[in-house]
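Tertiary structure, described
What follows is each chain in one-letter form.
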Amino acid sequence: MNEQNDNAGLFGSGDEAPSNHSNNPHFNDLVAGITRRQILASSAALGSLAFLGATLPSLAEAGEQTVASQPLKRRNRLPFTAIPTSRADTISVPPGYKATPFIPWGTPITGRYPAFADDASNSAQDQAEQTGMHHDGMHFFPIDAQRGLGRQSDHGLLVLNHEYIDAPLLHPNGPTVVNGKRVNAEEVRKEINAHGVSVVEIRRNVRGEWDVVPSPRNRRITAATPMQIRGPARGHKLLQTRYSPDGKATRGTQNNCSNGYTPWGTYLTCEENWAGYFASADADMPRELSRYGLRSSSRFGWNTLPGDEFERFDATRKGASATADYRNEPNHFGWIVEIDPFNPESVPIKRTALGRFAHEGLIFAPAKAGRPLVCYSGDDSQNEYLYKYVSRDRYWPGFSHGRLLDEGTLYVARFNADGSGEWLALDITNPRFLKACLTARVTFADQGEVLINTRLAADVVGATKMDRPEWGAVHPDTGEVYFTLTNNTARTLADAANPRIANAYGHIIRWREQSRDHTGTRFNWDLFLLAGPQTDSRGPDGTALTADNTLASPDGLWFDPDGRLWIQTDMSGSQLSNGPFGNNHMLVADPRSGELKRFLVGPLGAEITGITATPDFRTLFVNIQHPGEGSTATNLLSSWPDGPGKRPRSSTVIITREDGRHIL
Ligand code: FEO
Ligand code: CA
Ligand code: CA
């Protein structure tokens with residue numbers, strides 16, 4: 001979903017207005033008076049210089065050189081014809097490739113395996129046994145991922161998020177609303193069940209095509225599934241609710257955007273724009289609600305129905321204490337949730353040590369035996385931050401598990417104008433953090449309270465406000481970390497890491513840790529590309545983008561096993577309908593050579609998001625979300641993938657080569 005900030009009423013875009021009103025220093029102060037052109041030029045130069053000057057143990061280890069010092073002279077690593085922009089209502093891929101829709105919204109996967117009804121007349125219970133509505137982050141787990149080598153490429157579990165719903169298409173004639181309130185509990189239950197995660201066992205048949213296996217492992221996790229809360233905030237008084245008086249349990253996950261997966265074979269789903277699902281009528285909302293942009297009305301109005309299953313979305317103080325109402329229910333959201341996809345009885349766990357914000361995804365640095373585990377996550381909202389987590393304990397293959405995500409240090413990033421950067425600890429035992437809190441006159445009772453208020457803690461230490469961090473990816477050889485900054489039309493002052501005011505097109509930043517194992521607090525960064533039209537862009541090779549690779553609003557990001565970077569876009573509004581970019585698309589970059597080519601264009605109104613592959617890299621899975629966005633039952637703006645007259649459906653797409661060889 002592209003979060004534009006038009007805070008419409010019920011069924012609006014879901015978007016959350018900027019809620020970072022902190023005065024934490026950012027580069028505006030450092031670069032005041034410098035023109036935009038100077039910033040761009042100096043940023044590019046500083047980036048390269050910083051990379052050249054950095055100590056590069058991981059690169060040296062991999063026998064590679066920097067992008068700047070070693071541009072070319074390798075085999076063609078992008079051997080396909082770049083495809084042009086398009087506004088066709090279909091999927092386009094280069095000659096020699098196939099794109100096949102797979103498990104669209106409503107595909108039966110468990111229980112009674114209820115068939116999808118074209119008129120959207122499936123019940124709430126049907127929806128709980130079918131894939132959810134809007135496919136997003138996704139991972140393929142080889143069937144032997146938790147035992148053996150995890151290399152099986154013809155059989156596995158495909159696990160995917162369903163970020164949100166388009167209520168006008170989810171119901172036969174749209175949602176029923178009377179005087180601004182929801183009145184049909186069955187409808188709202190269907191909406192709740194269309195959210196969450198699907199676990200789908202899949203296998204290649206004798207013809208080489210992928211099928212859904214009717215397996216006991218198949219599972220739906222929804223916005224109502226019971227879950228546990230772990231980590232430093234477990235049992236915190238700010239997590240006490242009527243359902244969970246001890247603050248250790250909760251129900252559901254929603255607005256699951258990008259994802260992650262652990263070295264021990266579990267799935268991580270990330271709660272992004274969860275705040276809009278709640279409402280509070282309190283004029284004096286506490287900081288743990290106001291800093292996350294809670295409002296007096298919710299996006300889907302679930303809170304307006306009677307009954308505990310719906311009242312939990314109303315965070316208004318109503319009872320004598322927190323255990324009598326749901327004032328703290330929003331504090332159960334904004335976390336990373338770990339799911340064991342191989343055990344359908346497992347209870348998903350919210351890992352609070354990873355912080356509470358609009359988590360886009362979670363990506364890991366290469367896990368090394370005997371070293372702490374390191375992972376990164378972006379807070380996708382205008383002017384929010386980038387984070388890193390370093391586990392307290394060391395990773396041991398075959399022995400480590402989710403507890404590594406419960407004890408560790410959460411850091412937030414500061415990007416300096418000279419191309420250096422620093423990770424600032426959000427740790428109540430850290431003297432520098434305590435001093436910053438004292439200076440800012442902000443108090444936290446304990447680490448649980450720090451984590452529940454992660455955004456405020458990051459404000460206090462002076463993190464750099466970014467242009468909406470979306471997905472990240474770590475280069476498999478060099479260890480460089482790349483993050484998309486999708487756009488930020490609210491930026492009024494440029495800085496080195498976010499060099500364009502009213503940044504409509506977005507960019508991709510990357511950094512290299514100074515420590516070999518990623519655990520240190522210093523890094524060097526540069527800008528990988530500035531997205532935009534040919535007249536306002538800079539590609540990875542330092543020149544303007546061309547017809548083969550213009551893009552805007554980069555969002556999804558993934559490295560293939562050979563170190564090529566796949567970039568997915570999420571343009572919306574006028575950028576999509578009037579811009580020079582056509583429909584949302586997916587490109588591939590070779591960071592070694594600076595090449596960038598468009599590989600796929602999606603159908604009308606859709607964003608491209610979610611990407612994973614089989615270990616043999618012969619099957620690539622990509623998700624197409626919200627084709628025909630804005631459609632109603634009587635006004636279908638796309639008919640992908642089912643054809644004329646059929647409601648558009650979010651869907652996975654299987655990409656293979658016609659000759660059956662590996663994708664690239
Ligand atoms: Fe759900 Fe930030 O995209
Ligand atoms: Ca987006
Ligand atoms: Ca996204």
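The rules behind these values
Residues numbered from 1 in each chain as written. Chains lettered and ligands numbered in written order. Predicted model: local features only at pLDDT ≥ 70, side-chain atom pairs only at ≥ 80, totals over all residues. Heavy atoms only, no water. Buried < 20%, exposed > 50% of the residue type's maximum accessible area, 1.4 Å probe, protein only. Helix = DSSP H or I, 4+ residues; strand = E, 2+ residues; numbered from the N terminus. Axes fitted to C-alpha atoms, helices over the stretch in contact; angles between N-to-C directions. Parallel < 35°, antiparallel > 145°, perpendicular 65-115°, else oblique. Contact = heavy atoms within 4.5 Å. Nonpolar A, V, L, I, M, F, W, Y, C, P; charged D, E, K, R; others polar. Polar contact = N/O pair within 3.5 Å; in protein donor to acceptor, adjacent residues only side chain to side chain. Donors = N, O, S within 2.8 Å, 3.2 Å for Na, K, Ca; no water.

**As for helix 11 (residues 454-461)**
In terms of residue burial, helix 11 counts as a mostly covered element, since 8 of its 8 residues are buried. By the burial criterion, the buried members of helix 11 are Thr-454, Arg-455, Leu-456, Ala-457, Ala-458, Asp-459, Val-460 and Val-461. Directly after helix 11, the chain includes Gly-462, whose backbone phi takes a positive value near 80 degrees.

**A few points about the packing of helix 9 (residues 431-440) against helix 11**
Helix packing geometry: the angle between the two helix axes and the distance between the axes. It is at 8 Å that the axes of helix 9 and helix 11 come closest, and there the two elements cross at 90 degrees. With respect to helix 11, the axis of helix 9 lies roughly perpendicular. Contact with helix 9, carried on its side by Phe-433, Ala-436, Cys-437 and Ala-440, involves Ala-457, Val-460 and Val-461 of helix 11 and no other residues of that element. The class makeup of the residues in the contact of helix 9 with helix 11 is 7 nonpolar, no polar and no charged.

**Description of the environment of Asp-562**
By secondary structure assignment, the location of Asp-562 is in the loop between strand 26 (554-559) and strand 27 (565-569). As a C-alpha pair, Asp-562 and Asp-642 span 80 residues in sequence and 34 Å in three-dimensional space. Apart from residues lying up to four places away in sequence, Asp-562 is in contact with Arg-77 and Leu-664. A distance of 3.2 Å separates polar atoms of two side chains, one belonging to Asp-562 and the other to Arg-564.

**Some words on the coordination of the calcium ion (ligand 3)**
Around the calcium ion (ligand 3), the protein contributes the donor atoms Glu-360 (OE), Glu-470 (OE), Asp-555 (OD) and Asp-555 (OD), which lie 2.3 to 2.7 Å from the metal centre. Every donor residue of the calcium ion (ligand 3) comes from the same chain, spaced as E-x109-E-x84-D. Owing to a relative accessible area of 0%, Glu-360 belongs among the buried residues under this scheme. Taking the relative accessible area as the measure of exposure, Glu-470 reaches 2% and is therefore buried.

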